[in-house]
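Observations on the model geometry
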Amino acid sequence: MEYRLQLLFDKKALREVKNARQRIMLAKPVNSGTPNVVWQSIDPFQSTEVVWKEEYGIYASNAAIQHGAQITKISETGVPAQDGAYYTLTPQALFEGPNADQQVPRGTFAAHNQMPYDEYPSLTFGLTQSALINQMPVDRKPISATPVLATQAAAMTPFTQVYIWLQAEFSSETIITKIFGAPTIARFGGDVTDLTLEYNPQIGKFTEKD
């Protein structure tokens, strides 16, 4: 399944956003709750197009789960990773798999952390997803982050909603413990594969184009 999001600004609003040095932030929820990673941080144009497929990879990082931390991937699977199965991060710091597991449902991606406890008591695991931003490829950016202790596992179920807001602070691949302000939630899924939203400066959010 392929999805397309188009974000529009009128000239006055875009000028104000540029003067404030703000960027478009996109994030996607994984499991329950709100997103905790900036998936895409985009320099806005009058029309910004984002296209992606529901294909994911799994990564591991030694980044701490704290607000503003930058994720540096130290190992990752190929894309697309297999859902309904699990991958193992071996003591050689390589992902192996997929391995079938009836306890992992379809639509969920799982990973076991088998890195030695004495060297890495905990690592950060998450999903990655690629996109085309105005026809330019942006490959395998993290969309989630969760701490996984040595010998333990994580199950990650991505959702198709996209959270959208403006902010000057963050780049892509940044962990956020909270989204400040009120994001717009673009609800993809089912028959909804294409949405066009326009920034409304009076409410500071994106709304559906008339």
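Each residue is numbered by its place in its chain's sequence as written, counting from 1. For this predicted model, a pLDDT threshold of at least 70 governs which residues receive local features, and a threshold of 80 or more governs which side-chain atom pairs are given and counted, while totals over whole chains, interfaces and linings are taken from all residues. Computation of side-chain values covers all heavy atoms of the structure but excludes hydrogens and water.

With that settled, consider the nonpolar core. Core analysis: the largest hydrophobic core is formed by 43 residues, its most contacted members being Leu 5, Leu 26, Trp 52, Ile 58 and Ile 164. The secondary structure listing takes helices from DSSP runs of H or I that are at least 4 residues long and strands from runs of E that are at least 2 residues long, numbered from the N terminus. Among the elements that line this core, the one with the most residues is strand E11 (residues 122–133), at five residues. To form a nonpolar core, buried Ala, Val, Leu, Ile, Met, Phe, Trp, Tyr and Cys residues must be joined to one another through side-chain atoms within 4.5 Å. Exposed residues in this analysis have more than 50% of their type's maximum accessible area, buried residues have under 20%, and partly exposed residues fall in between, with area computed by a 1.4 Å probe over protein chains only. Ala 27, Val 38, Phe 170 and Ile 179 belong to the second-largest nonpolar core, a separate cluster that totals eight residues.

A word on the side chain of Thr 48. Examined against the element boundaries, Thr 48 turns out to sit in strand E5 (residues 47–53). A distance of 3.3 Å separates a polar atom in the side chain of Thr 48 from the backbone nitrogen of Phe 45. Whether two residues are in contact is decided by their heavy atoms, any of which lying within 4.5 Å being enough. Contacts of Thr 48, omitting those with residues within four sequence positions, involve Leu 5, Gln 6, Leu 7, Ile 24, Ile 42, Asp 43 and Asn 134. Pairing of N or O atoms within 3.5 Å defines a polar contact, subject to two protein rules: one partner must be a possible hydrogen donor and the other a possible acceptor, and residues neighboring in sequence count only if both atoms are side-chain atoms.

Note on placement: Asp 83 falls in the loop between strand E7 (73–76) and strand E8 (85–89). Here Asp 83 falls in the buried class, since its relative accessible area comes to 17%. Reaching out from Asp 83, the side chain makes a polar contact with the side chain of Gln 82 at a distance of 3.1 Å. Polar side-chain contacts of Asp 83 include one of 2.7 Å to the backbone nitrogen of Gly 107. Those residues within four positions of Asp 83 in sequence are excluded, and the remaining contacts are Arg 106, Gly 107, Thr 108 and Phe 109.

This part takes up the pairing of strand E19 (residues 205–208). Pairs of strands are assigned from DSSP output, requiring at least two bridges between the strands. With four bridges connecting them, strand E18 (residues 194–200) and E19 associate as antiparallel partners. Residue Glu 198 lies in a different strand from E19, and its bridge partner there is Thr 207. Once E18 ends, the chain turns through four residues before running back antiparallel as E19, passing Gly 204 with a positive phi of about 70 degrees.

In this section: the sheet that holds strand E2 (residues 23–27). Strands in a sheet are paired, the pairing made by backbone hydrogen bonds, and the direction either parallel or antiparallel. A sheet is described by the order of its strands in space; here four strands give the open sequence E4-E2-E15-E17, paired in antiparallel fashion. Looking at strand neighbours, the two that pair on one side only are strand E4 (40–42) and strand E17 (184–186), the edges of this open sheet. Strand after strand, the sheet turns through a mean of 25 degrees between neighbouring axes, direction not considered. Sheet topology note: the E2/strand E15 (residues 162–167) ladder contains five bridges and is antiparallel. Residue pairing in the sheet places Arg 23 in a bridge with Gln 167 of E15. Fitted lines through C-alpha atoms give the axes, limited to the stretch in contact for helices. The angle between two N-to-C directions lies from 0 to 180 degrees.

Turning next to the sheet that holds strand E9 (residues 95–100). As summarised here, the arrangement of the four strands in space is E9-E8-E10-E14, forming an open sheet in which the pairing is mixed. In this open sheet, the two strands that pair with only one neighbour each are E9 and strand E14 (153–156). If you compare each strand with its neighbour and ignore which way they point, the axes differ by 20 degrees on average. Of the pairings in the sheet, the one linking strand E10 (residues 109–113) to E14 comprises four bridges and is antiparallel in character. Opposite His 112, over in E14, you have Ala 153 as the bridge partner.

None of this, on its own, says anything about what the molecule does.
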